[in-house]
Amino acid sequence: MMSLSNKGKGALRPTLLSAAIAASVSTSVGAYAQEQETLEEVTVTGIRTSVLDSVEAKRAADVVADVIDAGALSSLPDQSIADALGRLPGVTTVRSNGQSSQLNIRGMNGDFLQTTLNGREQASTSGYTESTRWISFDQYPAELINQAAVYKTPKASHIEGGVAGSVELKTANPLDAEKEHNFNANVRMSFNDAADDVGADEFGERVTLSYMGKFMDDKVGVALGYSHLEQPNNFTKARAGADDQLGYFTGTTEDEEEVNVPRAYQWQAGTGTDTRDGYLASVVFQPTDNFKAQLDYFKSEFERIDTRHGITVGNLEKTDGYTLNGMVDGGVATSGTATVTDTTVGPWFEARSEDQSTQADSDSIGLNLEWSFADQHTLTFDYSYSEGTKTRKDQIVSMHAYDLGYDGSGELETWQEAANQSFAYSMKGDGIPSAAFAGVDFTDLDTMRLSRYEEYPHEYTDEVEAFKLDYQFDLEWGAIASIEAGLRYSERTFDSDRGTFLYGSRDGQYNGYCEDNLSEIECMPQELDGFVKVQSVDGAPDHFVITDMDGLASSIFGAGNYHGVKTFSNGKDWTYIESGAVTEEVFAYYAMANIDTQLGSIPVTGNFGVRVVETDVKSKGIQKIGDGLGTAITDDLGVTSTDYGHVEYGPEYTDTLPSLNLNFELSEQDYIRFAAAKVMGRPPVGQLKGGAGSWNSAGENDYNVWTKGSPYLDPFRANQFDLAYEHYFEDGGAVTAAIFWKDIESLIEKQYIYLDSQSERTALFESLGIDVPEGFEAGAFETYVNNDKGGYIRGIELAGTKTFDQLPGILSGLGMTASYSYTESETEVTGGNLAGETMPLPGLSENVWSTTVFWDVGNFSSHVNVRYRDEFTEVMPIPGSSTVVPAREYTTVDAQISYAFDNGIDVVLSGNNLTNEADVKSYGVDGVLGEYTEFGRQFYLGLNYSY
């Protein structure tokens, strides 16, 4: 398990709460004993308690770490633990639906992190367009977590996987509770000031109940917790893109001047509700000081109702189907009028309704047995199982305006998108542009029809089961205070299941043309009467919104006849190829020595050791072989294909990871830390899939293969060094400075590979386990590969915490904590769907800072937090995959005030995102619209009760 214990000989004088925190964490790893010093009790209240205890927990760490303790997590206005951790130096957040859900650490995104709960690896529920391994932190209610820490340097006993760092979440040990019976209740009413603008419910609530009790003379402890969240999920958005049409293309004006034009436009409003229920249970049995058994259970159910509506303009890259006249500013067509001249090839205008609702469920259970014997030996066994499931509906209904012709009996006979359509637009920098349309009325039932119905059900599952055995021997042999050794075996399986149901054409239908039809009814525009209402969206005209998408589908296709299926028909074999599983079997073992010595008069603590990790990766899927050479597989539509074969292949590899942590106590207030390590992290799961499609050019016998990924990708590997200085004030608080350097060996990119000779191509296919059908020869291979574009990531982190007790009167309750980090890197990634672009490593912001000012006076407590992050590269989901895009800088402001009555009741008022900071992305052209999203301000009013 992970530890925050620093068992140096120097005198630490933390508060009682911080001492209890450090003690509870160190006992979880069987830290070696030391003589207890008399602790000086310092009585402080409000947020100051949590801030100062977080500082002391950092001081007690034996690695470079930052900590948020239980006080902070229960008193800050946090939607998730990510908000609290985002205040730490070098840590930033990525916002999803207005909430902080993903962490970036030291310039690297969630793909480079390892996250554990009580020292146990957690299954992921963050999949959206493909399987992922990074943790979505809004799955974990902050109220049920006792402590969270970011480990920026590893030690040999840590679970591998954190190239950027590791995040450890901890729940409370009930035997450490203050009283025999402890009860807490938290009730909040919430209000979003932008929800009503898009027709969402403005109000919500958060309720948390927790109990900790000690029984049988403090030999048995029980902890129970429940957290309920229900709140609006809303946004207003505009983007220079739609679907997989992203960013700008280069067009030509009438004067032969090159100009950047968006491939598409989209105006959207989102409405819905987030509902999360979290459950926690822990039972501890400690009959003697030498034996402890603890059983932990955590469950989270998170439903996000996410319905969207708006106006979409697509296919603007088809310049032969329309004329564009307008104004060019800075090489960009910033305003103009697009008039459609040919509805069969040109752009299309639509009203669109979507249901992107998700359901994320997580279960974790763990059993820990700890036995100390013969005064010097500690043996710890840990079993854990974690399962995560994420589903997304991905239902889309598109409505177009049609010119319709009827026969003598009134039956629809001819149809084609309405002629003479046009739209005029005017950009407003990177904000929401304005648009007006002619030749189309998006609220006219006489002309508006359903043009296309789409459903792409997603299901991602992640299961991880692990066994861990650790041994510690306290020997006090010279500089070595103890030695540790252990082993861990885990099996983790990521599975994904894709499907589709399609009807009609996204770019509109006309007689004789229908892009897709997986139903049994004729493809034609369908009436909408009874299933629509009129709504609005910023920047675009009023339009129809589907009130009941399932009801409309049932009325057209019949109940149950429109759900997504896996099929080989009509080029939809991607439903099979994008499905499939990746299994990782890992056997790791380590040896580590804990240091406790003197260098002259300077106490030195720390550890050194090595962790060896053996990994076996296997990917399961199907591969297109062709010409009836495969296995007979019957799809969900009853069609049997013999063009595909089942495949299961992947590599085995071993990593040796040495690590060193040294802590020099220059004085009771001054510390220097040095750390060096080799670290590794496994590739994103979506890039490890082994299923493959193929193609063959006419008249040629090349067998060309494309895949969603390759199990043969090497993990991320890096060497890293850290140097930190920490000064702790006698009256609480600290100033710290750290520099870090990482050298990443390689990154991953998608490549089209066609080697020069046939022998080279054959050797490549054989090395990847790809069988070439009889009569064909190895050809091109399009997949993800390791490149040679690694490089350094380096930076500096500064942090300070200070209370102003010396100020007179009520000003003595003031305090402040602040952090700043600067990170730079030579690494770059290709631009994905923004062709021709190169971007910094995903997650890297050069400048990041956070400042919290707090003020505690008697029973009154308040604070304001401001966080800023520079522009960065974000991995954004797109249909069937993901792509990198530049995200703009942002600043968020949160605040809270509370008053504690003497009867155990606190009144709390808090606000999040008080400046209504938008989420802004660039699509490859600076200064103009890429993607702009506003979520509104969130306010809470509630009560806390403690007994």
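Predicted model, so just to flag it, every value in this text is computed and none were measured. Note that residues are indexed from 1 along each chain, following the sequence as it is written. Local features in this predicted model are restricted to residues whose pLDDT is 70 or higher, and side-chain atom pairs enter the listing and the counts only when it is 80 or higher, whereas totals over whole chains, interfaces and linings include all residues. In computing side-chain properties, one takes all heavy atoms of the structure into account and sets aside hydrogens as well as water.

(A) Local environment of the overall build of the protein. Scanning the protein from N- to C-terminus turns up seven helices and 60 strands. Here the globule rule is a power law, 2.2 Å times the number of residues to the power 0.38, and the radius of gyration is based on C-alpha atoms. The globule rule puts the C-alpha radius of gyration for 947 residues at 30 Å, and the 30 Å found for the protein is close to it. Overall size of the protein, expressed as C-alpha extent along the three principal axes, is 95 × 70 × 55 Å. Classification of residues uses two cut-offs on accessible area relative to the type maximum, computed with a 1.4 Å probe and protein chains only: under 20% is buried, over 50% is exposed, and between them is partly exposed. Put simply, the protein has 947 residues, and 60% of those count as buried. The contact rule is simple, with two residues in contact once any of their heavy atoms fall within 4.5 Å. When contacts within the protein are restricted to residue pairs at least 6 apart in sequence, long-range pairs at least 24 apart make up 73% of them. Only carbon and sulfur atoms are counted for the fraction: they give 52% of the accessible area of the protein, which is about 35,700 Å². Measuring between centres, the 64 positive side-chain charges of the protein sit 5 Å from its 146 negative side-chain charges. Only DSSP runs of H or I covering at least 4 residues are called helices, and only runs of E covering at least 2 are called strands; the numbering of each starts at the N terminus. The protein chains shown are the only cover counted for residues, whose accessible areas, like all others here, come from Shrake-Rupley with a 1.4 Å probe. His is not counted, nor are the chain ends, whereas Lys and Arg count as positive and Asp and Glu as negative. Note that the charge is assigned to NZ on lysines, CZ on arginines, CG on aspartates and CD on glutamates.

(B) Representation of the pattern of salt bridges within the structure. Should a side-chain nitrogen of Lys or Arg be within 4 Å of a carboxyl oxygen of Asp or Glu, the pair is scored as a salt bridge. Scanning all chains against the criterion turns up 51 salt bridges. The partner of Asp470 in a salt bridge is Lys468, with the nearest N and O atoms 2.5 Å apart. Just as Asp470 is buried, Lys468 falls in that class too. Here the salt bridges do not stand alone but share partners, grouping Asp243, Glu350, Arg352, Glu354, Arg452, Glu454, Arg506, Glu515, Asp516 and Lys572 into one network.

(C) Focus on the sheet that holds strand β6 (residues 147–151). Reading across the sheet, the five strands line up as β1-β6-β7-β4-β5 and stay open at both edges, with mixed pairing between neighbours. Lying at the two open borders of the sheet, with one neighbouring strand each, are β1 (65–68) and β5 (120–121). Pairing between strands is defined by DSSP: at least two bridges between them are needed. As judged from the four bridges shared by β1 and β6, these two strands associate in the antiparallel manner. Bridge pairing links Ile68 to Ala148 in β6.

(D) Layout of the state of the cysteines. Any two cysteine sulfur atoms lying within 2.5 Å of each other are counted as a disulfide. Within this structure, the stated rule accounts for one disulfide. Two residues share a disulfide in this structure: Cys514 and Cys523, whose sulfurs sit 2.0 Å from each other. Judged by the torsion about the S-S bond (70°), the Cys514/Cys523 disulfide is right-handed. Residue classification places Cys514 among the partly exposed positions, given a relative accessible area of 27%. In this structure Cys523 comes out as buried when scored by relative accessible area, which is 13%.

(E) Main features of helix α2 (residues 47–59). Over its 13 residues, α2 extends 19 Å from the first C-alpha to the last, a length consistent with the 18 Å expected when each residue adds 1.5 Å. Burial analysis of α2 places 13 of its 13 residues in the buried class, the great majority of the element. Given the number of residues in a helix, its expected span is that number minus one, multiplied by 1.5 Å.

(F) Spotlight on the confidence of the model for the protein. Known as pLDDT, the predictor's per-residue confidence is scaled from 0 to 100. On average, residues of the protein score 88 in pLDDT, and 93% of them reach the 70 mark or higher. Here residues 1–44 scores under 50 on pLDDT; set against residues more than four positions off or in separate chains, the count is 111 contacts. Every residue in residues 72–77 is under pLDDT 50, and counting partners more than four places away or in other chains gives 24 contacts.

(G) Local environment of the environment of Gly165. Looking at the element boundaries, Gly165 is found in strand β7 (residues 165–170). By relative accessible area, Gly165 is classed as buried at 2%. Sequence separation between Gly165 and Thr461 is 296 residues, and the spatial gap between their C-alpha atoms is 24 Å. Beyond its immediate stretch of four places on either side in the chain, Gly165 contacts Phe112, Leu113, Gln114 and Tyr151.

(H) Here's a closer look at a negative patch on the surface. A grouping of Glu459, Glu463, Glu465, Glu491, Asp495, Glu585, Glu614 and Glu652 is seen on the molecular surface, where their side chains present a negatively charged patch. Counting residues per element, the ones that place at least two in the negative patch are β30 (458–477) and β31 (480–498). A total of three residues in the negative patch trace back to one element, the largest contributor, which is β30. Mapping Glu465 onto the fold places it in strand β30. Note on Glu465: relative accessible area 32%, which makes it partly exposed. For patch detection, residues must exceed 30% relative accessible area and be free of salt bridges, and they are connected within 9 Å for like charges or within 5 Å for nonpolar side chains (Val, Leu, Ile, Met, Phe, Trp, Tyr).

(I) Region of interest: the nonpolar core. In this structure, Trp267 and Phe423 are the most contacted members of the largest nonpolar core, which totals 123 residues. No other element matches the five residues that helix α5 (residues 549–557) contributes to this core. For this analysis, a nonpolar core means a set of buried residues of the types Ala, Val, Leu, Ile, Met, Phe, Trp, Tyr and Cys, connected via side-chain atoms within 4.5 Å. Of all hydrophobic cores here, the second largest spans 11 residues; its members include Tyr703, Val705, Phe781 and Val785.

(J) Fine view of α5. Along α5, the positions that sit buried rather than exposed are Met549, Gly551, Leu552, Ala553, Ile556 and Phe557. In the core, the buried residues of α5 are packed alongside β22 (348–355), β25 (395–406), β29 (448–455), β32 (501–504) and β35 (540–546). For α5, the side-chain oxygen to backbone nitrogen distance between the N-cap and Asp550 is 3.4 Å, and the N-cap itself is Asp548. Looking one or two places after α5, you find Gly558, whose phi comes out positive at around 95°. Whenever two N or O atoms come within 3.5 Å, that pair is a polar contact, provided that in protein one can donate a hydrogen and the other can accept it, and provided that, for residues adjacent in sequence, both atoms are side-chain atoms.

(K) Summary view of the environment of Tyr425. Looking at the secondary structure, you find Tyr425 in strand β27 (residues 422–426). Taking the C-alpha atoms as reference points, Tyr425 and Tyr265, 160 residues apart in sequence, are found 9.8 Å from one another. Dropping the residues within four chain positions of it, Tyr425 is found in contact with Tyr265, Leu324, Ala333, Thr334, Ser335, Gly336, Ser434 and Ala435. Within polar-contact distance, the side chain of Tyr425 engages the backbone oxygen of Ala333 at 2.8 Å.

(L) The arrangement of the pairing of strand β52 (residues 847–857) in detail. Here β52 shows one buried face, formed by Val848, Ser850, Thr852, Phe854 and Asp856, and one open face, formed by Asn847, Trp849, Thr851, Val853, Trp855 and Val857. Two elements, strand β49 (residues 814–825) and β52, share nine bridges in a ladder whose sense is antiparallel. When the sheet's bridge partners are listed, Thr817 is paired in β52 with Thr852. As paired strands, β52 and strand β53 (residues 860–869) are joined by 10 bridges and run antiparallel to one another. Along β53, the bridge assignment pairs Val853 with Val864. Adjacent in sequence and paired antiparallel, β52 and β53 are bridged by two residues, among which Gly858 carries a positive phi angle near 60°.

(M) Inspection of unusual backbone geometry at higher detail. Of note, the phi angle at Asp243 is positive, near 60°, even though the residue is not glycine. Tracing the sequence through the fold places Asp243 in the loop between β12 (241–242) and β13 (245–246). Given a relative accessible area of 10%, Asp243 falls into the buried group. Phi is positive for Asn916, which is not a glycine, with a value near 50°. Structurally, the position occupied by Asn916 is in the loop between β57 (905–912) and β58 (919–921). Taking the relative accessible area as the measure of exposure, Asn916 reaches 17% and is therefore buried.

(N) View of the pairing of strand β45 (residues 734–744). Burial of the side chains of β45 is restricted to one face: Ala734, Thr736, Ala738, Phe740, Lys742 and Ile744 are buried, whereas none of Val735, Ala737, Ile739, Trp741 and Asp743 on the reverse face is. As paired elements, strand β44 (residues 716–728) and β45 share 11 bridges and run antiparallel to each other. Across the sheet, the residue bridging to Asp722 is Phe740, located in β45. Between β44 and β45, which follow one another and run antiparallel, lie five residues, and Gly732 among them has a positive phi close to 105°.

(O) A nonpolar patch on the surface, seen in detail. A surface patch of nonpolar side chains, about 600 Å² in accessible area, is lined by Ile897, Tyr899, Phe901, Val907, Leu909, Leu941 and Leu943. Among the elements of the structure, β56 (890–900), β57 and β60 (938–946) are those that each provide at least two residues to the nonpolar patch. Assignment of secondary structure puts Tyr899 in strand β56. The exposure class assigned to Tyr899 is partly exposed, which follows from its relative accessible area of 37%.

(P) The packing of aromatic side chains, seen in detail. In summary, the pairing rule links any two rings of Phe, Tyr or Trp, Trp by its six-membered ring, whose centres are within 6.5 Å, and it sorts them by plane angle into stacked for under 30 degrees, edge-to-face for over 60 and tilted for everything else. For the structure on display, the rule yields 31 aromatic pairs. When the centroid spacing of 4.6 Å and the interplanar angle of 25° are considered together, the rings of Phe568 and Tyr644 count as stacked. A residue pair is termed long-range when its members are at least 10 positions apart, and Phe568 in the loop between α5 and α6 (574–577) and Tyr644 in strand β39 (residues 640–649) qualify at 76 residues. The exposure class of Tyr644 is buried, given its relative accessible area of 4%. Each ring, one from Tyr671 and one from Tyr728, has its centre 5.6 Å from the other, and the planes form 90°; the classification is edge-to-face. Placement of Tyr671 in strand β41 (residues 670–681) and of Tyr728 in strand β44 is noted, with a sequence separation of 57 residues between them. A relative accessible area of 3% means that Tyr671 is categorised as buried. Here a set of aromatic residues connected by ring pairs shows up, and it is made of Tyr265, Trp267, Phe349, Phe423, Tyr425, Phe437 and Phe442. Only when the NZ of Lys or the CZ of Arg is both within 6 Å of the ring centre and within 35 degrees of the ring normal is a charge said to sit over the ring. Lying across the ring of Phe729, Lys802 places its NZ or CZ 5.5 Å from the centre. If you follow Arg869 out to its NZ or CZ, it ends over the ring of Phe872, 3.5 Å from the centre.

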